[in-house]
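Here is how the chains run, residue by residue.
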Amino acid sequence: MKSPAAFYRPLAIGAPEPVRQLPLALERTIHFLPPHIEKMRAKAAKIAATVDVLLGNLEDAIPVEAKEAARAGFIEVARSVEFGQTGLWTRVNALNSPWFLDDVSEIVAAVGNKLDVIMVPKVEGPWDIHFVDQLLALLEARHEVRKPILIHAILETAEGVKNVDDIARASPRMHGMSLGPADLAASRGMKTTRVGGGHPFYGVLADPGEEASRRAFYQQDLWHYTVARMVDACLSNGLRPFYGPFGDFDDEAGCEAQFRNAFLQGCVGAWTLHPSQIEIAKRVFSPEVEEVKFARRILDAMPDGSGAVMIDGKMQDDATWKQAKVIVDLAGLVASKDPERAAAYGF
Ligand code: GLV
Ligand code: MG
């Protein structure tokens, strides 16, 4: 492990200073754009205005014969669209693929000063982050990139989950992580063909009663354990955790339930693969109006955050003040970008 002083030193002569704290950003929706498709590129500016992050996807779901076109298409979108407050990310191909090196080299050379985050798939351990970290520093120095490009890891292998804490603390370039339930299911040998969400057979059966046919069965969240590990690894290192893809575009209620479980557990956003999922993610990852109003009452009742008061029969103290602060801070961030929700929150 590096000494604390060395941890924050640029990894290449001429590379920008690493960040010590993530820039504040609202990232409820990471919207995946397939940049090899011209029709989608033409819509990019319009989509960017409706999401928090626009991501050019170069990895899975992009056909092998379209990999170069996707890379070039992403560069074209990055150059031509004015992103304003919307983040610009890309998901590059895996480190062992024939495309990774050109993905990173060409994109940093062309649009390194516009790119906020590189999402790296199938991260297995801190060694993967160290490699990308060093490569980015060299490219940033060569192409005079002024602010460090951050790294977002996809947690989607059994090895990666085992090493999640070390991945989180591998570099000051780490932005956060997303759960990748499809690759993770395959890597772990889970018996599901779904992309995220629950499974009808994964649940708990009530004890046998008088009538066996009436035994209640409650479906459980297949991803609870992994999301919890990811949230702890991220939050203990100042990073942001995300739920990844939900593949059944017709099941909007299922998508919303999966996103909400992740939100309640600590995640700040999710991937949106289909336009119908954008509103779901924005709704779920913005705190509820009543929750925000109640949280503000707690903060108002305890201006210095200490002591104990009763509000509507519920005990509040230093710890619930901190819980309220999480909600109110998030609401403030949402309000800064979303005038409708700002009005509903009373900000
Ligand atoms: C995402 O990349 C996944 O594998 O679920
Ligand atoms: Mg994957």
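Look a little higher up for the structure.
Residues numbered from 1 in each chain as written. Chains lettered and ligands numbered in written order. Predicted model: local features only at pLDDT ≥ 70, side-chain atom pairs only at ≥ 80, totals over all residues. Heavy atoms only, no water.

**Comments concerning the packing of aromatic side chains**
Counting across every chain of the model gives 8 aromatic pairs. Aromatic side chains Phe32 and Trp271 sit 4.5 Å apart centroid to centroid with 25° between the ring planes, which places their arrangement in the stacked category. Linking Phe32 in strand S1 (residues 29-33) with Trp271 in strand S10 (residues 269-272), this pair joins segments that are 239 residues apart in sequence. The residues Phe32 and Trp271 share a single accessibility class, namely buried. When the ring of Tyr243 is compared with that of Phe259, the centres are 5.9 Å apart and the planes differ by 55°; the resulting orientation is tilted. Taken together, the positions of Tyr243 in strand S9 (residues 240-243) and Phe259 in helix H10 (residues 252-265) put the pair 16 residues apart, joining distant regions of the chain. A relative accessible area of 0% places Phe259 in the buried class. Cluster of aromatic residues (ring-pair linked, three or more members): Tyr243, Phe259, Phe263 and Phe285. Directly above the aromatic system of Tyr8 lies the positively charged group of Arg20, at a separation of 4.1 Å from the ring centroid. (Phe/Tyr/Trp six-rings, centres within 6.5 Å; stacked < 30°, edge-to-face > 60°. Helix = DSSP H or I, 4+ residues; strand = E, 2+ residues; numbered from the N terminus. Buried < 20%, exposed > 50% of the residue type's maximum accessible area, 1.4 Å probe, protein only. Lys NZ or Arg CZ within 6 Å of the ring centre and 35° of its normal.)

**Section: helix H5 (residues 126-142)**
Taking 1.5 Å per residue, 17 residues should reach 24 Å; H5 reaches 25 Å between its end C-alpha atoms and fits that length. Listed in full, the buried residues belonging to H5 are Pro126, Asp128, Ile129, Val132, Asp133, Leu135, Leu136, Ala137, Leu139 and Glu140. On its buried side, H5 packs onto helix H4 (100-111), strand S4 (117-120), strand S5 (150-155), helix H7 (164-168) and strand S6 (174-179). Phi for Glu144, located one or two positions after H5, is positive at around 55°. (Expected span 1.5 Å × (residues − 1). Contact = heavy atoms within 4.5 Å.)

**Considerations on the coordination of the magnesium ion (ligand 2)**
The protein atoms that coordinate the magnesium ion (ligand 2) are Glu156 (OE) and Asp183 (OD), at distances spanning 2.1 Å. Residue Glu156 is located in the loop between S5 and helix H6 (158-162), and its partner Asp183 is located in helix H8 (residues 181-188); the two are separated by 27 residues in the primary sequence. By relative accessible area, which is 24% here, Asp183 ends up partly exposed. (Donors = N, O, S within 2.8 Å, 3.2 Å for Na, K, Ca; no water.)

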